[in-house]
Amino acid sequence: MPPFRNFKEGSDLLASARKALDWQNLGFEYTKTDYRFSAVYENGSWSEGELLTSEMIQIHEGAPALHYAQQCFEGLKAQTAKDGRVLLFRPELNAQRMQNTAERLSMPAVPEELFIKGVMQAVSANQAWIPPYGSGASLYIRPLLIGVGENMGLKPAKRYEFRVIVSPVGPYYKSGGLSLISLAVSDFDRAAPHGTGDIKAGANYPGGLYATRKAKELGANEALYLDAAEHRYLEEAGSANILVSMAGNKLVTPKSAAILPSVTRRSIMTIAAEDLGMETEERAIDLRKEVGSFEEVAACGTAAVLSPVGKIWFDDHWHHFYANGEEVGPIMQKLYDLLCQLQSGEREDKYGWTREVAL
Ligand code: PLP
Ligand code: COI
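Residues numbered from 1 in each chain as written. Chains lettered and ligands numbered in written order. Predicted model: local features only at pLDDT ≥ 70, side-chain atom pairs only at ≥ 80, totals over all residues. Heavy atoms only, no water.

1. Examining the overall build of the protein chain
Counting its regular elements, the protein chain contains 8 helices and 20 strands. In summary, the protein chain has a C-alpha radius of gyration of 21 Å against a globular reference of 21 Å for 359 residues, a match within 12%. Each principal axis of the C-alpha atoms in the protein chain carries an extent, and together these give about 55 × 55 × 35 Å. Residues classed as buried in the protein chain amount to 52% of the 359 residues present. For the protein chain, contacts bridging at least 24 residues in sequence account for 72% of all contacts bridging at least 6. Of the roughly 15900 Å² of accessible surface on the protein chain, 48% is carried by carbon and sulfur atoms. The distance from the centre of the 37 positive side-chain charges to the centre of the 45 negative ones in the protein chain is 3 Å. (Helix = DSSP H or I, 4+ residues; strand = E, 2+ residues; numbered from the N terminus. Rg over C-alpha atoms; globule rule 2.2 N^0.38 Å. Buried < 20%, exposed > 50% of the residue type's maximum accessible area, 1.4 Å probe, protein only. Contact = heavy atoms within 4.5 Å. Areas by Shrake-Rupley, 256 points an atom, 1.4 Å probe, with all protein chains shown as cover. Lys, Arg positive; Asp, Glu negative; His and termini not counted. Charge placed at Lys NZ, Arg CZ, Asp CG, Glu CD.)

2. A look at the domain arrangement of the protein chain
One can read the domain layout of the protein chain as domain 1 (11-170) and domain 2 (181-343). Once you take the C-alpha centre of each, domain 1 and domain 2 turn out to be 26 Å apart. Counting each side, the surface lost to burial between domain 1 and domain 2 is near 1700 Å², with a carbon and sulfur contribution of 63%. Of all residues in domain 1, the largest losses of buried area upon contact with domain 2 belong to Phe73, Phe89 and Arg97, amounting jointly to 37% of the total for that side. Linking domain 1 with domain 2 are 0 salt bridges. Our enumeration of links across domain 1 and domain 2 arrives at 7 residue pairs in polar contact (both at pLDDT 80 or more). For the side of domain 1 that touches domain 2, the secondary structure elements donating two or more residues are strand E6 (71-73), strand E7 (76-80), strand E8 (86-89) and helix H2 (91-104). Per element, the largest residue contribution to the side of domain 1 that touches domain 2 is 6 residues, and it comes from H2. Among the residues forming the side of domain 1 that touches domain 2, the class breakdown is 10 nonpolar, 6 polar and 5 charged. (Domains from an automatic or database assignment. Buried area = accessible area lost by both parts, 1.4 Å probe. Salt bridge = Lys/Arg side-chain N within 4 Å of Asp/Glu carboxyl O. Polar contact = N/O pair within 3.5 Å; in protein donor to acceptor, adjacent residues only side chain to side chain. Nonpolar A, V, L, I, M, F, W, Y, C, P; charged D, E, K, R; others polar.)

3. Here we look at the site of ligand 2
Phe28, Phe73, Gly75, Tyr140, Arg142, Tyr172, Lys200, Ser239, Thr302 and Ala303 make up every residue found near ligand 2. One of the side-chain N or O atoms of Arg142 is found 3.4 Å from an oxygen atom in ligand 2. Within the contact set of ligand 2, an oxygen atom lies 2.8 Å away from a backbone nitrogen or oxygen of Ala303. Two domains each donate at least three residues to the shell around ligand 2, and these are domain 1 (11-170) and domain 2 (181-343). (Near = heavy atom within 4 Å.)

4. What about the pairing of strand E9 (residues 138-148)?
Across the 11 residues of E9, 10 count as buried, placing the element largely inside the fold. Pairing analysis gives 3 bridges linking E6 to E9, with the strands arranged antiparallel. Residue pairing in the sheet places Gln71 in a bridge with Ile146 of E9. Across 3 bridges, the pairing between E7 and E9 is antiparallel. Considered in E9, the bridge of Leu76 is made with Ile141. Relative to strand E10 (residues 159-169), E9 is paired through 11 bridges, and the arrangement is antiparallel. Paired with Pro143 across the two strands is Val164, which belongs to E10. (Pairing = 2+ DSSP bridges.)

5. Quick look at the nonpolar core
The nonpolar side chains of a soluble globular protein tend to be buried, and buried together. Membership of the largest hydrophobic core comes to 36 residues, with the highest contact counts inside it found for Trp46, Phe115, Val123, Ile141, Leu145 and Phe162. The element contributing the most residues to this core is helix H3 (residues 112-125), with 7 residues. The contact partners of Trp46, leaving out residues within four places of it in the chain, are Ala39, Val40, Tyr41, Pro108, Ala109, Val110, Pro111, Leu114, Leu145, Tyr160 and Phe162. The next biggest cluster of nonpolar side chains, apart from the first, holds 24 residues, and it includes Ile181, Ala299, Ala304 and Phe314. (Core = buried A, V, L, I, M, F, W, Y, C linked by side-chain atoms within 4.5 Å.)

6. Notes on the site of ligand 1
Taken together, 16 residues lie around ligand 1, and Tyr205, Glu236, Ser262, Thr264 and Thr302 are the ones closest in. At 2.5 Å from a nitrogen atom of ligand 1 is found a side-chain nitrogen or oxygen belonging to Glu236. One nitrogen or oxygen atom from the side chain of Thr302 is found 2.5 Å from an oxygen atom belonging to ligand 1. Contact with the protein chains removes 96% of the 390 Å² of surface that ligand 1 exposes when unbound. For the shell around ligand 1, the secondary-structure elements that each account for two or more residues are helix H5 (263-276) and strand E17 (296-301). For the shell around ligand 1, a count of residues per class yields 5 nonpolar, 7 polar and 4 charged.

Set out below in structure tokens:
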């Protein structure tokens, strides 16, 4: 049983129980925490799951996760609110997305109750690692589903592990906080039109490592992908969806069957319509034809939160947005503030999106 149960005092965790990390200066890195949740699927059913102390997974050399990338993951965050509550943001959407991913990869679905239980237990057991309110850091939660056991031929695993690990993290992009990032359009494709781009399969990501390296050589933070069929329409960045504001108080986001349905993007589109009265639209965005009408651009995701994009590289030069790419524009600033206030419990949650973790 984890030692830090119910040690709330007044409005926050006992300061003495919280780990002494430099919360303001955390990057997006792995930090070993004390517990992880693990459940196993075998012979048609899931185990109840338990908390483990070892960060190592012993895995058979024949595991389909290793040979055929029969593996997927999710990403969400827990944050300390001003009143000391610890809040998750729409975890049921991550549970559903992992189920869609599992189906596409011929893996057993993790029932929503097991997914939420694993997340809750991993957060609660590691409460000493949850960054304090106002630090700008959060506890990143990474649920994993992997095909283990032995297989040689290309067929689904007979055994699976569902594991939830957590790690305190700071901003995803090196620039940190709400500062401008830049993206470079990649010559490579991320996902095929009817491939696996819309699920969170680990196999979607390693090809992007090279694309991101190339983007970084151009001075960008990350690669930006166009549609694989025509190299014309905006898709998404390596680890985040894209938002574009246009004249007439419009917020537009790419419509594509090859991009990850981002929980953050779906939430921001709702906030833009409901709280800012913006006209929101999900549609194909022809980059070259429409770039002149982009007012503000942002990348968004759990790790990226909302990261304003000052410039995009394509066709051999930089294309700048609001204030020549030197300032964060008012629309993205407002959307960022509204999202963060909601996620950290500073703003009334009229959407019912946050979920408290029982500590
Ligand atoms: N697109 C990709 C490729 C991602 O890896 C992520 C991160 O999860 C996102 C978009 C953003 O999705 P979400 O907002 O659900 O974290
Ligand atoms: C997330 O935002 O949760 C992700 O999974 C992106 C990842 C590449 C860090």
